Structure formats: C-alpha cells, structure tokens
Amino acid sequence: MTLRFLTSGESHGRGLLVVTEGIPAGLAVSREFLELRLARRRRGFGRGGRALLERDELTVWGGLRNGRTTGGPVGVSIGNAEWESWDEAMNPWAVCVEAACMRAVTAPRPGHADLAGSVKFGHRDMRNVLERSSARTTAPRTVAGTLAARMLEELGVAVRGAVESIGGVAVRTPETFEEWTRASLSELGVTRPEDEEALKKRILQAAEEGDSLGGTFVLSITGLPPGVGSFAEWDERLDGLLGQAILSIPGVKGVEFGEGFRSADLPGSRLHDPIVVDGGRWTRPSNNAGGIEGGMSNGGEIRLRAVMKPIPTMKKGLPSFDTVSDRPCTGHSERSDVCAVPSACVVAEAMAAWTVACAVTAQFGNDRMDDLKQRFASYTQRAERWNLHA
Ligand SMILES: Cc1cc2nc3c(=O)[nH]c(=O)nc-3n(C[C@H](O)[C@H](O)[C@H](O)COP(=O)(O)O)c2cc1C
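Residues numbered from 1 in each chain as written. Predicted model: local features only at pLDDT ≥ 70, side-chain atom pairs only at ≥ 80, totals over all residues. Heavy atoms only, no water.

Engineer: Mind showing me how you'd approach the packing of aromatic side chains here?
Structural biologist: For any pair of aromatic rings, the description rests on two quantities: the centre-to-centre distance and the angle between the ring planes. Counted by the stated rule, this structure contains 3 aromatic pairs. Between F5 and W354, the aromatic rings sit 4.9 Å apart at their centres with planes inclined by 85°, giving edge-to-face as the arrangement. Placement of the pair is F5 in strand β1 (residues 4-9) and W354 in helix α11 (residues 341-364), with a sequence separation of 349 residues. In this structure F5 comes out as partly exposed when scored by relative accessible area, which is 21%. With 5.2 Å between their ring centres and 65° between their planes, F364 and Y379 make a pair best called edge-to-face. With a gap of 15 residues between them, F364 in helix α11 and Y379 in helix α12 (residues 369-385) connect regions that are remote in the sequence. Judged by relative accessible area, Y379 falls into the partly exposed class, the value being 21%. An aromatic cluster of three or more residues is present, and its members are F364, F376 and Y379. One Lys or Arg, R103, reaches over the ring of W86 and ends 3.7 Å from the middle of that ring. (Phe/Tyr/Trp six-rings, centres within 6.5 Å; stacked < 30°, edge-to-face > 60°. Helix = DSSP H or I, 4+ residues; strand = E, 2+ residues; numbered from the N terminus. Buried < 20%, exposed > 50% of the residue type's maximum accessible area, 1.4 Å probe, protein only. Lys NZ or Arg CZ within 6 Å of the ring centre and 35° of its normal.)

In structure tokens:
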C-alpha cells in the first residue's frame, strides 16, 4: 500500500482533519513531537493576529495506541479555538442567500484564489473559496508530514529548512549541524541574531506601509542512500515529486535543486559534479546537482530552494470589483500575515518529509517499522560497500 493522506476543514470552521494511510505499524510518536512542529508552523515575526490565536488543539481519533502507530489510518483533528465567534458565519446547517451570509466576501483579492475559485464553483460568497484556500489548511498537512519526519528520523534521514531571504534582504544559510538547529529554533528560521534583526526591520517597514512580503527558503535532506526515486517512470522521479509537493504550498512559485536556474549559465564541464575514486570508493567533491541525478537521490545532501510570493491580502488593497454591485473597489481585506516565509518553510519541511517517506516506503515496504528499518539499513550498507572493484 502506498502512503497517502486527505485533509478536510476550513480556516474558520470547527476544526481541521487529516487522515493518513500507510504509516508503518510500530512507529513511536509523542504528542510533544507533533505539537512542537505545529507550533513552529505558527512562528514568525510578521504573522497576523490569526496565527497568534491559533492553538492547534490536537485530538487523535485512530491509528495511535500507547504512543505507537497501529498500522491503521492515523486520524487527527485540530480544533479551532475561535469557533464560537465563527459559528454563525460558518455553521454547516444555517440557511441564507449566499451574498447575504454573515461575513460574506464579494470583492476578490488580486493574487488569491477568490476570483477563479468562485467562477469555478459558482459561489457568490467568496468566503467558500477563501476558507479552503487559506494557508490555515497547511496545519493538517504539517501533521501528516510530521508523522513522516518521525518515520524518517528512525531511518537516519533528516529534513531541515531555513529562511534565505525576505523582501530582498538575504541572510546566511546554515552549513553546519549547529546552524541548522539554530535556524529550526529561531522565530524567523535563521541562524544569527543579527539576521533576525535585519529581517524584522524589513517586515516592520512593509507592515507600516500596509504592504506584504515574500522571500526564499532552503531545504536540506540528508541520510538517503543513492537510488531513492526512479529514472524509469516520469511520475517516480524524486525531483518531480518534491517539486510538486513544495509547489502545492500556497504562495510558493518556484523550486530549484542545487545550482538550479544558474545551471543555464554554466558549461557542463563546470556544472556537473565529478565522480572521483578514492581508496577504491567513489566520492563527489561538489554537489551542484543538489543531491539528485536521474530522478534519484545520488547519496549526497539534497538541497532545494523555493520562492514564496508576497501575501495577497494587504491593508493597502489592490484594485478589484464588488460582485454584488459590479462596481470597482479594493480587494477584500481581513486579518492577515504581512510575511509568512518562515512558516511556509516549516510546511515545506513537512511536505518534503512526506514525499521522501512515500518514495522510501514504495521501495522498502511499509507494513512494519522494524522490517522497514532492516531493509533500508541493508540497502544502505550495500550502497556504501558498492565500489568500482566490488
Ligand atoms: C503559512 C502561510 C501563511 C499564509 N498567510 C496568508 C495570509 O495571512 N493572507 C493571505 O492572503 N495569504 C496568505 N498565504 C498565501 C495564500 O494562501 C496564497 O497566496 C493563496 O492561497 C493563493 O495561492 P497562490 O499564491 O499559490 O496562487 C499564506 C501562505 C502560507 C504558506
């Protein structure tokens, strides 16, 4: 069975749900591990009032018993701490004429899903689109990705993320284990306090101007042996799968591996990473490929960079029109983030972990955690022994 998950729920609904399928039995998972990742998703100077109010109250409905997965679907819900004040607007049974509903939205925001989504589903009240396209729905995805990250941890595979730039201000990206750890604990996903200050200044400036910001972040995936993913079928390529997963995060507009777009300017002789034989074993002195060749991990660190556009909801507002009066107005505005790059980076860590877990379990099986560990370890040992003279 392959790994998959489904989510349900709206930004201001009663809560959000995730049901995962295919997580191996016997994986130890603690409440603290899940809660810590969810708390990190809410991080960041520049997050709006909503992120501060979110408490991410977790209820596990199945698939976990005595701190371990049972092999059944893991079902988790995240309650909405504000539900009482949204009950009337979001009630599933209340009947009203759409555009006259409580808190109806009729002025689509440029850059958001409102306009195309309401045309697609025929909604007069664009709240039906806004509520589901909201990034709050990345919380249940983060739960699924966190379960995957726990599974990968058991295999010695780590997925880490760090912010690289916000609104044109670039900061140092982590290189050492300590730096990655500092970035993971930092409010803005960076390694140095002075970088955090520089980014805060930039975000504050945008907030004062009623504007919003995007930026870039990097992911590092370590511990995979060569050959995870496949060159044989288009939809098994690991770079393609990771690209889709990261691009599925609202606001993410581009992903590159290793030297990525800069590869266009380099001759092949300078870009490709030489294979050097040293003591009967091969090594790669550089990693311009970003750890993936032929759609498979090549044994090196997988490095990807992603870009997130500025948040579409702005105090400033952009030209739009009101679908009830048909008159020009500014796009709808409600409590919003000014910048969400540090949070998007945490969601990306989760989505990358999920994707790698899918590829790993497709290759090594996923009924039992102990079997998976054994198969993964024996393949990795064989890959390490493999050399030109074996
Ligand atoms: C963690 C996170 C938080 C976000 N917060 C907001 C927000 O407060 N307001 C907003 O308009 N967009 C926010 N976005 C971005 C929108 O969800 C996104 O731009 C929108 O769904 C349109 O999708 P697209 O940008 O991929 O085209 C956020 C995205 C992420 C990943």
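From this point, things continue past the structure.
Engineer: Which parts of the structure should I look at to understand a nonpolar patch on the surface?
Structural biologist: On the surface, a nonpolar cluster with roughly 270 Å² of combined accessible area is contributed by L115, V119 and F321. For V119, the position within the fold is in helix α4 (residues 114-121). Take V119: its relative accessible area is 64%, and that puts it in the exposed class. (Patch = residues over 30% accessible without salt bridge, like charges linked within 9 Å, V, L, I, M, F, W, Y side chains within 5 Å. Areas by Shrake-Rupley, 256 points an atom, 1.4 Å probe, with all protein chains shown as cover. Salt bridge = Lys/Arg side-chain N within 4 Å of Asp/Glu carboxyl O.)

Engineer: What is the right way to look at the environment of P108 in this model?
Structural biologist: For P108, the position within the fold is in the loop between α3 (83-90) and α4. By relative accessible area, P108 is classed as buried at 3%. A sequence separation of 211 residues divides P108 from P319, and the C-alpha atoms of the two residues are 9.4 Å apart. For P108, the residues in contact, after removing those within four places along its chain, are D114, L115, M126, S320, F321, T323 and G331. (Contact = heavy atoms within 4.5 Å.)

Engineer: Is there a simple way to think about the sheet that holds strand β15 (residues 302-308) in this case?
Structural biologist: The strands that make up a sheet pair up through hydrogen bonds in the backbone, lying either parallel or antiparallel. Spatially, 5 strands are ordered β8-β7-β9-β15-β10 in an open sheet, and the strand pairing comes out antiparallel. Of all the strands in the sheet, just β8 (169-170) and β10 (252-257) have a single pairing partner and so form its edges. Its contacts with the sheet put helix α7 (residues 177-185) on β7 (158-166), β9 (215-222) and β15, and the angle it makes with β7 is roughly 70°. (Pairing = 2+ DSSP bridges. Axes fitted to C-alpha atoms, helices over the stretch in contact; angles between N-to-C directions.)

Engineer: Just checking my understanding: could you explain the state of the cysteines for this structure?
Structural biologist: Two cysteines joined by a covalent bond between their sulfur atoms form a disulfide. Within the structure shown, the criterion is met by 1 disulfide. No disulfide involves C329; its nearest neighbouring cysteine sulfur is the one of C101, lying 18 Å away. According to the relative accessible area criterion, C329 is partly exposed, its value standing at 26%. You can see C358 has no disulfide; the closest cysteine sulfur is in C345, sitting 20 Å from it. Note on C358: relative accessible area 23%, which makes it partly exposed. (Disulfide = S-S within 2.5 Å.)

Engineer: Before we go on, may I ask you to explain α3 in this structure?
Structural biologist: In an α-helix, one turn spans 3.6 residues; hence positions three or four apart end up facing the same way. Along α3, the residues that are buried comprise W83, W86, A89 and M90. Angular distribution of buried residues about the axis of α3 spans 115°; they occupy a single face of the element. Among the exposed residues of α3, those pointing more than 90 degrees away from its buried face are E84 and E88. Those residues of α3 that are buried lie in contact with α5 (127-133). (Arc of directions from axis to C-beta.)

Engineer: Looking at this model, I keep getting lost on the pattern of salt bridges. Mind explaining?
Structural biologist: Oppositely charged side chains are able to pair whenever their charged atoms sit close together. With the rule as written, the count across this model stands at 26 salt bridges. We note a salt bridge from R127 to E334, for which the minimum N-O separation is 2.8 Å. Taken together, the residues span a long stretch of sequence, with R127 in helix α5 and E334 in the loop between β17 (328-330) and α11 at a distance of 207 residues. Since its relative accessible area comes to 4%, R127 is described here as buried. Judged by its relative accessible area of 23%, E334 falls in the partly exposed class. Via salt bridges that share partners, E164, E256, E259, R262 and R305 belong to a single interconnected network.

Engineer: Looking at this model, I keep getting lost on the site of the ligand. Mind explaining?
Structural biologist: Surveying the vicinity of the ligand reveals 19 residues, the closest of which are G251, K309, T313, S336 and D337. Note that an oxygen atom of the ligand is positioned 3.2 Å from one of the side-chain N or O atoms of K253. Within the complex, 86% of the 620 Å² of free accessible area of the ligand lies under protein. Of the residues contributing to the shell around the ligand, the split by class is 8 nonpolar, 7 polar and 4 charged. (Near = heavy atom within 4 Å. Polar contact = N/O pair within 3.5 Å; in protein donor to acceptor, adjacent residues only side chain to side chain. Nonpolar A, V, L, I, M, F, W, Y, C, P; charged D, E, K, R; others polar.)

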